[in-house]
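# Summary of structural features
Residues per chain, in single letters:
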Amino acid sequence: MMKKKAKIIVLATHNRDKIREFREKIGNSLQLKTLDDYPDLPEVSEDGNSIRENAYLKARAVHAFSGLPAIADDTGLEVDALNGAPGIYSSRFAGENASYRDNVLLLLERMNNIPQEQRSACFRTSIAYVDNQESWDVEGRVEGRILQEAKGEGGFGYDPVFFYEPLQKTFSELDLKEKNRISHRGKALDAFIHTLKIKKYL
Ligand code: IMP
């Protein structure tokens, strides 16, 4: 039987953690490139109206530049009591160069008067795939509740205030393996890999 040639995919990120997580889930059956392989790629402005649009903007730009199949992800935290904010503005909620801490503090301030039972929120991740024949996307989400104050040391972004009821812990209190198993990004990645298998890419 002829051996299938490993397909090359470009991951539209420089983020080491995302690359490692992806690599861990797909094994060695795909050849992975990342944005580190394309230092001259012009900055892609993420000015879509949804995380899904932003994922497509990045994947399309990387595909156009590299000529290879490309995938990109985008994530947002959506708080029900804030009508879905910060959403697509999650990384720059407190301003263009805001730190994770600035964003968390602003979120807590905006939610100051909101009672416990109205603090529901979710993280959503979209992953978009684009090659010269097709484009498709998947989504992963996880429900939680925003605490009144930060708790835990691990993770990043809004993890210290995102409380996950089934484990009675914030995302900052989970170890990385545990978080990746249940998180928005972990679920989106599982759905993505499932689709790659159905399409016989893996
Ligand atoms: P990105 O699309 O992965 O860059 O995520 C956008 C923003 O969402 C980040 O800057 C973080 O503030 C937040 N974020 C994304 N993923 C997570 C997570 O797993 N935990 C907490 N915050 C996250």
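Relevant structure appears above.
The notes below deal with the structure included here. Since the model is a prediction, treat every value here as computed from it, not as a measurement.

On to the pairing of strand E6 (residues 135-146). Here 11 bridges tie strand E5 (residues 120-130) to E6, and the two strands are oriented antiparallel to one another. Paired with Val 130 across the strands is Ser 135, a residue of E6. Linking two consecutive strands that pair antiparallel, namely E5 and E6, is a turn of 4 residues. Relative to strand E7 (residues 162-164), E6 runs antiparallel, the two sharing 2 bridges. The partner of Arg 145 across the bridge, within E7, is Phe 163.

In the neighbourhood of the ligand, 14 residues make up the surrounding shell, with Lys 18, Thr 75, Asp 159, Lys 179 and Arg 185 lying closest. The contact in question runs from an oxygen atom of the ligand to an N or O atom on the backbone of Thr 75, over 2.9 Å. Residue Arg 185 places a side-chain N or O atom 2.9 Å away from an oxygen atom belonging to the ligand. Here the ligand loses 88% of its free accessible area of 480 Å² to cover by the protein chains. Residue assignment for the shell around the ligand shows that the elements contributing at least two residues are strand E3 (70-79) and helix H5 (184-198).

Let us look at the pattern of salt bridges. Within the structure shown, the criterion is met by 15 salt bridges. The salt bridge partner of Lys 58 is Asp 74, with a shortest N-O separation of 3.3 Å. Pair noted here: Lys 58 is in helix H2 (residues 51-66) and Asp 74 is in strand E3, with a separation of 16 residues, a long-range link. With a relative accessible area of 12%, Lys 58 lands in the buried category. Assessed through its relative accessible area of 8%, Asp 74 is described here as buried. Across the salt bridge formed by Lys 151 and Glu 173, the nearest N and O atoms sit 3.4 Å from each other. Note that Lys 151 is positioned in the loop between E6 and E7 and Glu 173 in the loop between strand E8 (169-170) and helix H4 (176-182), a separation of 22 residues in sequence. Accessibility expressed as a relative area gives 28% for Glu 173, which makes it partly exposed. Members of the salt-bridge network, linked through shared partners, are Glu 46, Lys 58 and Asp 74.

Right, let's talk about the packing of aromatic side chains for a bit. For the structure on display, the rule yields 10 aromatic pairs. With centroids separated by 6.0 Å and ring planes inclined at 15°, the aromatic side chains of Phe 123 and Phe 171 adopt a geometry described as stacked. With a gap of 48 residues between them, Phe 123 in strand E5 and Phe 171 in the loop between E8 and H4 connect regions that are remote in the sequence. Both rings, one in Tyr 129 and one in Trp 136, keep their centres 5.0 Å apart while their planes meet at 15°; by these two values the pair is stacked. On the basis of relative accessible area, Trp 136 is assigned to the buried category, the value being 10%. An aromatic cluster is defined as three or more aromatic residues linked by ring pairs; in this entry it consists of Phe 22, Tyr 129, Trp 136, Phe 192 and Tyr 201. Looking at Lys 7, its charged tip hangs above the ring of Tyr 201, at a distance of 4.1 Å from the centre.

Two elements, strand E1 (residues 7-11) and strand E2 (residues 30-34), share 5 bridges in a ladder whose sense is parallel. Each bridged residue has a counterpart across the sheet, and for Ile 8 the counterpart in E2 is Gln 31. Of the pairings in the sheet, the one linking E1 to E3 comprises 2 bridges and is parallel in character. In the strand pairing of E3, Val 10 is matched with Ala 70.

Let's shift gears to helix H3 (residues 100-110). Every buried residue of H3 is accounted for by Asn 103, Val 104, Leu 106, Leu 107 and Leu 108. In this structure, the buried residues of H3 make contact with E3, strand E4 (86-87) and E6.

Scoring rules and cut-offs
- Residues numbered from 1 in each chain as written.
- Predicted model: local features only at pLDDT ≥ 70, side-chain atom pairs only at ≥ 80, totals over all residues.
- Heavy atoms only, no water.
- Pairing = 2+ DSSP bridges.
- Helix = DSSP H or I, 4+ residues; strand = E, 2+ residues; numbered from the N terminus.
- Near = heavy atom within 4 Å.
- Polar contact = N/O pair within 3.5 Å; in protein donor to acceptor, adjacent residues only side chain to side chain.
- Areas by Shrake-Rupley, 256 points an atom, 1.4 Å probe, with all protein chains shown as cover.
- Salt bridge = Lys/Arg side-chain N within 4 Å of Asp/Glu carboxyl O.
- Buried < 20%, exposed > 50% of the residue type's maximum accessible area, 1.4 Å probe, protein only.
- Phe/Tyr/Trp six-rings, centres within 6.5 Å; stacked < 30°, edge-to-face > 60°.
- Lys NZ or Arg CZ within 6 Å of the ring centre and 35° of its normal.
- Contact = heavy atoms within 4.5 Å.

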